[in-house]
Number of protein chains: 4
Amino acid sequence: MIIILKETTASAMQARLVAQFGAKTEIFTHDNRIALQGVNPDELPADVLAAADEVITDVPAAVQSSRLLHPEDTIIKTPHSVIGGADLVMMAGPCSVESAEHVMAMAKVAKQGGATVVRGGAFKPRTSPYSFQGLGETGLQYLRAAADANGLDMITEVMDDEHVEMVAKYTDIFQIGARNMQNFSLLKAVGQTNIPVALKRGMSATIDDVLNAAEYIAAGGNHQIMLLERGIRTFDNKYTRNTFDLGAVPVLQQLTHYPVIVDPSHAVGEWDLVTPMAMAGVAASASGMIVEIHDDPTHALSDGPQALKPKTYLKMAKQAFQLHDLMQTWD
Amino acid sequence: MIIILKETTASAMQARLVAQFGAKTEIFTHDNRIALQGVNPDELPADVLAAADEVITDVPAAVQSSRLLHPEDTIIKTPHSVIGGADLVMMAGPCSVESAEHVMAMAKVAKQGGATVVRGGAFKPRTSPYSFQGLGETGLQYLRAAADANGLDMITEVMDDEHVEMVAKYTDIFQIGARNMQNFSLLKAVGQTNIPVALKRGMSATIDDVLNAAEYIAAGGNHQIMLLERGIRTFDNKYTRNTFDLGAVPVLQQLTHYPVIVDPSHAVGEWDLVTPMAMAGVAASASGMIVEIHDDPTHALSDGPQALKPKTYLKMAKQAFQLHDLMQTWD
Amino acid sequence: MIIILKETTASAMQARLVAQFGAKTEIFTHDNRIALQGVNPDELPADVLAAADEVITDVPAAVQSSRLLHPEDTIIKTPHSVIGGADLVMMAGPCSVESAEHVMAMAKVAKQGGATVVRGGAFKPRTSPYSFQGLGETGLQYLRAAADANGLDMITEVMDDEHVEMVAKYTDIFQIGARNMQNFSLLKAVGQTNIPVALKRGMSATIDDVLNAAEYIAAGGNHQIMLLERGIRTFDNKYTRNTFDLGAVPVLQQLTHYPVIVDPSHAVGEWDLVTPMAMAGVAASASGMIVEIHDDPTHALSDGPQALKPKTYLKMAKQAFQLHDLMQTWD
Amino acid sequence: MIIILKETTASAMQARLVAQFGAKTEIFTHDNRIALQGVNPDELPADVLAAADEVITDVPAAVQSSRLLHPEDTIIKTPHSVIGGADLVMMAGPCSVESAEHVMAMAKVAKQGGATVVRGGAFKPRTSPYSFQGLGETGLQYLRAAADANGLDMITEVMDDEHVEMVAKYTDIFQIGARNMQNFSLLKAVGQTNIPVALKRGMSATIDDVLNAAEYIAAGGNHQIMLLERGIRTFDNKYTRNTFDLGAVPVLQQLTHYPVIVDPSHAVGEWDLVTPMAMAGVAASASGMIVEIHDDPTHALSDGPQALKPKTYLKMAKQAFQLHDLMQTWD
């Protein structure tokens, strides 16, 4: 249940409800709203009801993620980016951090295309244990250096709760990978930090699953969350690696206040499909995108087929910003 | 196998191959190309090989649909539209033809938004036998009148082979519904006509299934085919009726020469998601879109929840054309 | 709404309700039950309510298929089989009718394994127009002869409404293929006959879709319907052609009174997986199975990889009947 | 590449190959077989080729899991169970450990039905952070006591790598949950132990994904792995929670030597569907099953709807063993 209280008495009523129900249930407040899990409207004192503009009883489990409790957009500010606001946020970089020089060069390209965030994996969740698993902490150092040299924020994946503290020393944004979207121990661990988290949708995660996973982070006190649509697993997987579910963008924007970012690279898995899907993602109103770039995709240590070469990336990025500019003229 | 012949001797070689293999296999020619199903390269005469620029052995079953045989775009011309060319084609109208007056009014709105084709169902494939099944031939007459009065082409669904002749008397474009995508008798029947066919992708049809279904139409001699992406069935169906598979747009455009149209209305099934998905479809490079409009969605005889009201449609259409104009400035 | 009436006054009350509501809605009666679509309980006369044991308001659209209206099992009797009763019904035969001799030989094998129905396709719904499309009416004649010579019933697919009359001259059971499960014109056509219909579940048909498709047949007056689970399309399609959804067997048995048959051959598409899946189907309580057999699978005109050789079939069938016998000892 | 060496010289040749290629690639040996990743047959010395009965070049990434390297079944022996042998292994217990008394009572019921393993969750991966998360280490102690008192093995889920050491102090078998199937840090951690691992298939994991996940465990040196089919996520989720993919049982048994166990409870999520699906799982040749039982499902702390009451469980288990006995008489 969420109660929308009259502004004037909201604080007092919230305090009363916390005093009365706080011991028996989770309570969340936001401005003049208050959410009480597992309390029935008929348990509410009469004066609370009198002080309420509206009582909403059909409330999702992921209540902190819901616009019913938190109607306005969450805007996340990092040193070089504002995520969830009016600007389109570009995040680009190689799939894996391969060397200090390489990631430095790719960060420069990313910046040139208008990116404010550089991506790169130092810990790689690979399907096979015998595939390249990433450079580890050294990779984080290389990526941090590349970000700093180019005036960019850094985003990188953290794969388990034991690494959270170490990765936190370097990154501006944690990425939680699709395979770990319901690794609840990891979600709880990043929820204890104050570093923004980019949560990738799991391969077969429903919209509600995504929001509940985000709620694990929020429950720890970290509300700087962005959601990444990166394609879902369907029967249709011969020509694209996944099915890019762009309908999830406006659906999530209706349900939650967290920014929604699209990842066309993983969604399709083929570089020559990335540009049209990136454009589609912007047109679907995403707050930003994250794309993979590589100057020599055939020799990339991971995911080469989906990486854009610098020239293609620069053209795509230019078009994306033009498209976003046009959309700003639509009320 | 497809053989790309040198231009100068292409006709002669094609004639030779038809003479030699025509009795035992299907042969298709297009300009200086020739496709022979079930013939091995080592069965080819030496002079044919000498006259070939290239022999392609990895050829899909749906060979007439393939760009390997027919590299250039198919462009379909109807009285009021050019489909598959530089222009964005807008098709709009009510889900069902409900009355002469209603469809006339909706056609006027469609036209106002820049549509050149009006849609409306007279034969409705409804999940339940007890739901409204359409007005039948009377509905076709109403839709024809509405199209003519507004200078529009007409598109309408034909549900079985027995109706093809009758529907052909009225319509400019046949629509084959998703549930009938593999109704091969129906595909063969429309393949015998010279009326353009809009083939909707089945709910669980792979890309290859779509192309093979199109091939049934082409095998009958009708090559005026357009393909409609309308969402696929996946696990993700709480907030959207289907999953709009926009990756299919560039994938199909790479594989086939037929125009690709998007149907955001059926893809998501909720009117307030239609505009972002329509924009995404245009940004993904579709040749056009088909959308449902209704001035009183709550009383629509079918699919009301996904219909755009006239005002919303007009705004969406304006944005779509602006977006398409911007895209024309990109290389 | 379904009303369960007291036995003594059921007929009189049913007559009253038909008189009162028959002009405005569909009404179905079964024993002392009556279903009225689109009527609210508060529209009912007081004496009807007084004569009711129960009023069920949450009723599916496919009301004739529902156990709420028709609680007892439908049992279908053909010359040589009782489908939906205590016996396990075995249906076997080649995918396609290939020749008079071949189908005769296969029918003999089918019979030897305990089958009472021989299958074989004369009209084949093939993905590609260039694949073998079946022998047509000649194939029906061959199959009929093979059935008669071995004292078997015949089941064969009918692909479009124009063929219903012709196929009806030969077959004991119509099969509606998965691709045609929502070919409503075809469903209506077989609904006009009095020949039993085996309705295959579509590749992405939900349970409710299957029941609504069956309702199209029932709405025409033909209630001799059996439902075939033959695998659904999912992301998991590398090692099996489809995903055999055996959970659908008990789910359908709870919801509907029609017999449920399993088709392990199409479900998995690989002969060496057919036996364990056939056993699983029997153990899941299916009323019967339909399997493909061929003495020379590598040269079969269609679907060779999934056909059981006679020896394998005979062993499988023997095990299936043993398993079914064991299950009869479980109350 | 896998080389099958002649028995007499196998050891010598394996030693040679390790000496030659060990520094540059992963090498695995099993009896007279040796697998070398990333080595081409033409790099092999002539005498190795001469000593080979067969060189298999099409080898999956998950090579240790493959029957190509390890043809015979893996049989796992725990104090009270032999998993993967001729016997059907029954594992039963409550979803969550709720109290010392409750799990003790449920273990007694499990034993009565023929179970040799008792299950129960102490760390629960719940979709929502506000749901019951399990009793933690206390729950492990209760479950251990219940197992010991009834002469049963214990299986329980471990959710993150930090808990592996602690859970290892209590359990006989680790369970890795579906949501963690690709939590590679966790897989590596249990791979370092010598405790058997039951790996649940992820909701959208392909067969190859499952085998690669198992390979992460094997790569750490732990080869006591069993695989659990527990239903996959598909479009068909109204009447069953997941789609029970029983085709995966024989497919996995062909590809890998690890035992395959079925979990009908999670697969369907409704208690009244569990028995037919359990029978189907046995008939599909699974080595065992794991089922949830509860004496008061409506008050269960998790997953009550899918739990069998004791009486239903006992009947189901009796049938399962009868069915398995019958199957032992087949070839």
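Treat the numbers as computed from the prediction; the structure is a model and nothing was measured.

**Quick word on the overall build of chain A**
At step 1: Counting its secondary structure elements, chain A contains 11 helices and 14 strands.
At step 2: Expected size for 331 residues packed as a compact globule is a radius of gyration near 20 Å; at 21 Å, chain A falls within 12% of this value.
At step 3: Oriented by its inertia axes, the alpha-carbon framework of chain A measures out at about 70 × 45 × 40 Å.
At step 4: Out of the 331 residues belonging to chain A, those deemed buried represent 65%.
At step 5: Put simply, 69% of the contacts in chain A that link residues at least 6 apart link residues at least 24 apart.
At step 6: When the accessible surface of chain A is summed, it comes to about 11400 Å², and 50% of that surface belongs to carbon and sulfur atoms.
At step 7: Each charge sign in chain A was given a centre, from 25 positive and 38 negative side chains, and these centres are 6 Å apart.

**A short note on the nonpolar core**
At step 1: The biggest cluster of nonpolar side chains holds 324 residues, and the ones touching the most others in it are A:Y313, B:Y313, C:Y313 and D:Y313.
At step 2: When residues no more than four places from it in sequence are discounted, the contact partners of B:Y313 are B:M90, B:A92, B:V109, B:A110, B:G113, B:G114, B:A115, B:V291, B:I293 and B:L308.

**Structural notes on the domain arrangement of chain A**
At step 1: The domains assigned to chain A are domain 1 (2-56) and domain 2 (76-328).
At step 2: Centre-to-centre, using C-alpha coordinates, domain 1 of chain A lies 38 Å away from domain 2 of chain A.

**Observations concerning the pairing of strand β2 (residues 27-30) of chain D**
The side chains of a regular strand alternate between the sheet's two faces.
Residues and elements named next belong to chain D.
At step 1: As paired strands, β2 and strand β3 (residues 33-36) are joined by four bridges and run antiparallel to one another. Its bridge partner lying in β3, I27 is registered against L36.
At step 2: Between β2 and the antiparallel strand that follows it, β3, lie two residues; D31 among them carries a positive phi value of about 50°.

**Considerations on the relation of the copies chain A and chain B**
At step 1: Each copy superposes on the other: chain A lies on chain B with an RMSD of 0.1 Å after a rotation of 180° and an axial shift of 0.0 Å. Accordingly, the operation relating the two chain copies is best matched by a two-fold axis. No C-alpha of chain A approaches the rotation axis more nearly than that of A:A280, which lies at 2.0 Å.
At step 2: Both copies present the same face, since 100% of the interface residues in chain A are matched by interface residues at the equivalent positions in chain B.

**Quick notes on the interface of chain A and chain B**
At step 1: Contact with chain A, which involves 39 residues of that partner, is made by 40 residues of chain B.
At step 2: Contact with chain B buries surface across chain A, with A:F235, A:Y239 and A:W330 losing the most and accounting together for 20% of the total.
At step 3: The interface formed by chain A and chain B includes four salt bridges.
At step 4: Across the salt bridge formed by B:K238 and A:D208, the nearest N and O atoms sit 2.7 Å from each other.
At step 5: On the surface where chain A and chain B come into contact, there are 10 residue pairs in polar contact (both at pLDDT 80 or more).
At step 6: Here the side of chain A that touches chain B is built from residues that sort into 21 nonpolar, nine polar and nine charged.

**Here's the deal with the sheet that holds strand β8 (residues 117-119) of chain B**
All names here are of chain B.
At step 1: The sheet built from eight strands closes into a barrel, its strands ordered β7-β8-β9-β10-β11-β12-β13-β14 with parallel pairing. Strand after strand, the sheet turns through a mean of 25° between neighbouring axes, direction not considered.
At step 2: Inspection of the sheet shows strand β12 (residues 225-229) paired to strand β13 (residues 260-262) by three bridges, in the parallel sense. Along β13, the bridge assignment pairs E229 with V262.

**Let's talk about the pairing of strand β3 (residues 33-36) of chain B**
Residues and elements named next belong to chain B.
At step 1: Judged by which residues are buried, β3 turns out to be covered on both faces: R33 and A35 on one side and I34 and L36 on the other are all buried.
At step 2: Relative to β3, strand β1 (residues 2-5) runs antiparallel, the two sharing three bridges. If you follow I3 over to β3, its bridge partner there is I34.

**With respect to the interface of chain D and chain B**
At step 1: If you look at the interface, chain D gives four residues, while chain B gives four residues.
At step 2: Surface buried jointly by chain D and chain B totals about 300 Å² across both partners, of which 63% is contributed by carbon and sulfur atoms.
At step 3: When residues of chain D are sorted by the area they lose upon contact with chain B, D:R233, D:F235 and D:N237 head the list and together hold 93% of the total.
At step 4: Linking chain D to chain B there are zero salt bridges.
At step 5: At the surface where chain D touches chain B, the tally comes to zero residue pairs in polar contact (both at pLDDT 80 or more).
At step 6: Taken together, the residues of the side of chain D that touches chain B sort by class into one nonpolar, two polar and one charged.

**Structural notes on the pattern of salt bridges**
At step 1: Under the defined criterion, the tally for this structure stands at 60 salt bridges over all chains.
At step 2: One salt bridge connects C:D303 with C:R241, and the closest N-O pair in it is separated by 3.1 Å. Separated by 62 residues along the polypeptide, C:D303 in the loop between β14 (288-292) and α11 (310-328) and C:R241 in the loop between β12 (225-229) and α8 (248-255) bring together distant segments of the chain.
At step 3: We classify C:R241 as partly exposed; its relative accessible area is 37%.
At step 4: One salt bridge in this structure joins D:R201 and D:E229, with 2.8 Å as the shortest N-O distance. One end of the pair, D:R201, is in the loop between β11 (197-200) and α7 (207-219); the other, D:E229, is in strand β12 (residues 225-229), with 28 residues separating them in the sequence. One exposure class covers both D:R201 and D:E229, and it is buried.
At step 5: A network of salt bridges, in which partner residues are shared, links A:R201, A:E229, A:D245 and B:D236.

**Overview of the packing of aromatic side chains**
At step 1: In the structure shown here, the tally under the stated rule is eight aromatic pairs over all chains.
At step 2: Considering the side-chain rings of B:F28 and C:Y130, the 5.4 Å spacing of their centres and the 45° angle between planes classify their relative orientation as tilted. Residue B:F28 is found in strand β2 (residues 27-30), and its partner C:Y130 is found in the loop between β8 (117-119) and α4 (137-149); the two belong to separate chains.
At step 3: You can call B:F28 buried: its relative accessible area is 13%.
At step 4: Consider the rings of C:F184 and C:Y216, whose centres lie 4.4 Å apart with planes at 25°: the pair is stacked. Within this pair, whereas C:F184 is found in helix α6 (residues 184-191), its partner C:Y216 is found in helix α7 (residues 207-219), the two being separated by 32 residues in sequence. Like C:Y216, C:F184 is buried.

**Quick word on helix α8 (residues 248-255) of chain D**
At step 1: Residues of α8(D) that are buried include every one of D:A248, D:V249, D:P250, D:V251 and D:L252, and no others.
At step 2: Among the structural elements, α10 (271-283) of chain C together with α7, β12 and β13 (260-262) of chain D are those in contact with the buried residues of α8(D).

**A short note on the sheet that holds strand β14 (residues 288-292) of chain D**
Residues and elements named next belong to chain D.
At step 1: Read around the barrel, eight strands follow the order β7-β8-β9-β10-β11-β12-β13-β14 and close on themselves; strand pairing throughout is parallel. On average, each strand axis in the sheet is inclined to that of its neighbour by 25°, with strand direction left out of account.
At step 2: In this structure, strand β8 (residues 117-119) lies alongside strand β9 (residues 153-157), joined through three bridges in parallel fashion. Among the inter-strand pairings, V117 is bridged to a residue of β9, identified as D153.
At step 3: Along the sheet, α7 makes contact with β11 and β12, crossing β12 at roughly 155°.
At step 4: Along the sheet face, α8 touches β12 and β13 and points at about 165° away from the line of β13.

Calculation criteria
- Each chain has its residues counted from 1, running along the sequence as written.
- Whichever chain is written first is A, and whichever ligand is written first is 1; the rest continue in order.
- Where local features are concerned, this predicted model is filtered to residues with pLDDT of at least 70; where side-chain atom pairs are given and counted, the filter is 80 or more; whole-chain, interface and lining totals use all residues.
- Hydrogens are left out, water is left out, and the side-chain values use all remaining heavy atoms of the structure.
- Segments assigned H or I by DSSP are reported as helices when at least four residues long, segments assigned E as strands when at least two residues long, and all are numbered from the N terminus.
- With C-alpha atoms as the basis for the radius of gyration, the globule rule is written as 2.2 Å multiplied by the number of residues raised to the power 0.38.
- Burial classes follow relative accessibility: with a 1.4 Å probe on protein chains only, a residue under 20% of its type's maximum area counts as buried, one over 50% as exposed, and anything between as partly exposed.
- Two residues form a contact once any of their heavy atoms are found within 4.5 Å.
- Values of accessible area rely on a 1.4 Å probe in the Shrake-Rupley scheme; residue burial ignores everything except the protein chains shown.
- In summary, the charge assignment counts Lys and Arg as positive and Asp and Glu as negative, without counting His or the chain termini.
- Each charge is placed at NZ for Lys, CZ for Arg, CG for Asp and CD for Glu.
- Residues enter a nonpolar core if they are buried and are Ala, Val, Leu, Ile, Met, Phe, Trp, Tyr or Cys, with the set joined through side-chain atoms within 4.5 Å.
- An automatic or database domain assignment is the source of the domain bounds shown.
- Paired strands, as defined in this entry, are two strands with at least two bridges between them according to DSSP.
- The copies were overlaid with a least-squares fit restricted to C-alpha atoms from residues scoring a pLDDT of at least 70 in each copy.
- The quantity reported as buried area is the accessible area (1.4 Å probe) lost by two parts once they are put together, taken as the sum for both.
- Think of a salt bridge as a Lys or Arg side-chain nitrogen and an Asp or Glu carboxyl oxygen that are within 4 Å of each other.
- Pairs of N or O atoms within 3.5 Å make up the polar contacts considered here, provided that, within protein, one atom can donate a hydrogen while the other can accept it, and that residues adjacent in sequence are counted only when both atoms are side-chain atoms.
- Only Asp, Glu, Lys and Arg are considered charged in this grouping, and only Ala, Val, Leu, Ile, Met, Phe, Trp, Tyr, Cys and Pro are considered nonpolar; every other residue, Gly among them, is considered polar.
- Structural elements are reduced to axes, namely lines fitted to C-alpha atoms, with helices fitted over the stretch in contact, and the angle between N-to-C directions of any two is expressed from 0 to 180 degrees.
- Note on ring pairs: Phe, Tyr and Trp rings are taken, using the six-membered ring of Trp, and paired if centres are within 6.5 Å. Classes follow the plane angle, with under 30 degrees stacked, over 60 edge-to-face and the rest tilted.

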